[in-house]
Amino acid sequence: MIYRTFPPPPQLARHVECLWYLHQRTNTGAPPDRILPDGCMELVFNLRTPFRQADAAGRFVSLPPAILVGQLSRFVLLQPAAEVEVLAARFKPAGAHALFQLDLDELTDRHVALDQLDGGWRELAARIDDASTAAARLRLLEEELLRRLPRPSPTGARTAAALELLHLAETPPRIKAVARALGLSPRHLERTFRREVGLTPKHYSRVLRFRRMLGVLDRANPNWADLAARAGYSDQPHLVREFREFSGLAPRACMAGQTPFAAALLT
């Protein structure tokens, strides 16, 4: 598997976490990729046969080749094709709202095909598909994102301040305290945050803690009780409950079945 990340141009760094490229060949009958929530949205261009994603009934259905993927509140299962080649942008928590001007709570645990958005995004998908090299496709994606850079807004500044407070906290803080620090009512903060990030502040802070825990997890010899304390969980059963909610599996089972592609998306 080839997986590479690229820093965005400096002008985009406020909204884009990174650009990434992946190319892999998969054996027939390989297990599905269990994609875990990470607090970020993705703009994905599948340059080969599209992935298939499990629906609510467990049936795998084909995804459109170019999609904007909303925030995940819990895991999704993706079945890759025999050969996968993907170019994507991973956004900062509120970056997709700034660049797409969409209410992101409408996309939580969903995706939207780019051909359902405005003509510029549809044209970008066609140009990327026609480009002959990965470098040319990367350049096209950067140029379109730069063209759509928004002007700063007071609403965006409030969400950015809330995100900073959540990231600085070692454990999920009380949302009333965050709202009070920003001079907002809890209801106003939650409504704005959901629209611009795609999750409630409370759920986002839990995803953030979960991702931090995965970042320090010793997969070879995990000490779950120690890890729970380090990551800010009240105890080991609390960590296990969160793990099951976000991944659908107990911690050891999830780690044992993690594919290289799913692991790469968490780096």
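These numbers come from a predicted model, not from an experiment.

Give me the lowdown on helix α2 (residues 119-130), citing residues and values where you can.
Helix length check: α2 (12 residues) gives 17 Å between terminal C-alpha atoms against 16 Å at 1.5 Å per residue, within 8%. Those residues of α2 that are buried are in contact with β4 (42-46), β7 (66-69), β9 (83-91), α1 (95-100) and α3 (134-147). At the N-terminal boundary of α2, the capping side chain belongs to Asp-118, with an oxygen 2.9 Å from the backbone nitrogen of Gly-120.

Before we move on, can you summarise the packing of helix α8 (residues 224-231) against helix α9 (residues 236-247) with the specific residues and values?
Direction vectors running N to C along α8 and α9 enclose 80°, while the axes themselves pass 8 Å from each other. Here α8 is positioned roughly perpendicular relative to α9, judged by the angle of their axes. Across the interface between the two elements, Trp-224, Ala-225, Leu-227 and Ala-228 of α8 pack against Gln-236, Leu-239 and Phe-243 of α9. Class assignment of the residues belonging to the contact of α8 with α9 gives a composition of six nonpolar, one polar and no charged.

Give a detailed account of the pairing of strand β2 (residues 16-25), specifying residues and quantitative values.
Judged by how many residues are buried, β2 sits mostly within the fold: eight of 10 residues are covered. Here strand β1 (residues 2-6) runs beside β2; their pairing, made up of five bridges, is antiparallel. If you follow Ile-2 over to β2, its bridge partner there is His-23. Sheet topology note: the β2/β9 ladder contains nine bridges and is antiparallel.

Tell me what's going on with the packing of aromatic side chains, and back it up with residues and numbers.
As enumerated under the stated definition, the model contains eight aromatic pairs in all. Note on Phe-210 and Phe-243: the rings are 5.2 Å apart at their centroids and 80° apart in plane angle, and the pair reads as edge-to-face. Linking Phe-210 in helix α7 (residues 201-216) with Phe-243 in helix α9, this pair joins segments that are 33 residues apart in sequence. Assigned by exposure class, Phe-210 and Phe-243 land together as buried. On the numbers, 5.0 Å between centres and 45° between planes, the contact of Phe-210 with Phe-246 is tilted.

For the layout of surface pockets, give the residues involved together with the corresponding values.
Approximately 430 Å³ is the volume attributed to the largest pocket. Considering the residues around the largest pocket, the lining is formed by 22 residues, among which Arg-14, His-15, Ala-94, Gly-156 and Ala-160 are closest to the centre. When contributions to the lining of the largest pocket are tallied by element, the ones reaching two or more residues are α1 and α4 (154-168). Here the lining of the largest pocket gets six residues from one element, more than from any other, and that element is α4.

Residues and numbers for empty space enclosed by the protein, please.
The full count for this structure, using the stated rule, is three cavities of 30 Å³ or more. When its volume is computed, the largest cavity comes out at roughly 420 Å³. Along the walls of the largest cavity sit 29 residues, with Ile-35, Glu-42, Val-44, Val-69 and Leu-78 positioned nearest its centre. Elements that contribute at least two residues to the lining of the largest cavity include exactly β4, β7 and β8 (76-79). In terms of residue count, the dominant contributor to the lining of the largest cavity is β4 (three residues). Across the lining of the largest cavity, the residue classes tally to 20 nonpolar, five polar and four charged. In this structure, the second largest cavity spans a volume of roughly 40 Å³.

Account for the sheet that holds strand β5 (residues 52-54), naming residues and giving values.
Taken in spatial order, the four strands of this open sheet run β3-β8-β5-β6, and their pairing is antiparallel. If you trace the sheet from one side to the other, it starts and ends with β3 (33-35) and β6 (60-62), each paired once. Strand-to-strand twist across the sheet, computed as the mean angle between neighbouring axes with direction ignored, equals 35°. In this structure, β5 lies alongside β8, joined through two bridges in antiparallel fashion. Among the inter-strand pairings, Arg-52 is bridged to a residue of β8, identified as Gln-79.

About the thresholds
- Residue positions are given per chain, counting from 1 as you read along its sequence in written order.
- The predicted nature of this model means local features are confined to residues of pLDDT at least 70 and side-chain atom pairs, given and counted, to a pLDDT of 80 or more, with totals for whole chains, interfaces and linings taken over all residues.
- Hydrogens are left out, water is left out, and the side-chain values use all remaining heavy atoms of the structure.
- The helix and strand labels rest on DSSP assignments: H or I over at least four residues marks a helix, E over at least two residues marks a strand, and numbering proceeds from the N terminus.
- Multiplying one less than the number of residues by 1.5 Å gives the expected span of a helix.
- Contacts were defined at the residue level, with two residues in contact if any of their heavy atoms lie within 4.5 Å.
- Any N or O atom pair separated by 3.5 Å or less is treated as a polar contact, with the protein-specific requirement of one donor-capable and one acceptor-capable atom, and with residues adjacent in sequence counted only for side-chain atom pairs.
- Angles here are taken between N-to-C directions and fall from 0 to 180 degrees, while the axes themselves are lines fitted to C-alpha atoms, restricted in helices to the stretch in contact.
- In what follows, roughly perpendicular refers to angles from 65 to 115 degrees, roughly parallel to angles under 35, roughly antiparallel to angles over 145, and oblique to any angle outside these ranges.
- Here the term charged refers only to Asp, Glu, Lys and Arg, the term nonpolar to Ala, Val, Leu, Ile, Met, Phe, Trp, Tyr, Cys and Pro, and the term polar to all other amino acids, Gly among them.
- When accessible area is computed with a 1.4 Å probe and restricted to protein chains, residues below 20% of their type maximum are described as buried, those above 50% as exposed, and intermediate ones as partly exposed.
- Two strands qualify as a pair provided DSSP detects at least 2 bridges between them.
- Geometry of aromatic contacts follows a simple scheme: Phe, Tyr and Trp rings, the Trp one being its six-membered ring, pair when their centres are within 6.5 Å, and the pair is stacked under 30 degrees between planes, edge-to-face over 60, tilted otherwise.
- Space inside and on the surface of the protein is sampled on a 1 Å grid over the protein atoms alone, with a cavity defined as a set of points where a 1.4 Å probe fits but cannot get out and a pocket as an open set with protein on both sides within 12 Å along at least 5 of 7 lines; lining residues have an atom within 4 Å of a point.
- Grid points are joined across faces, edges and corners, and a volume is the space filled by probe spheres set on the points.

Any functional reading would require information beyond the geometric quantities listed.
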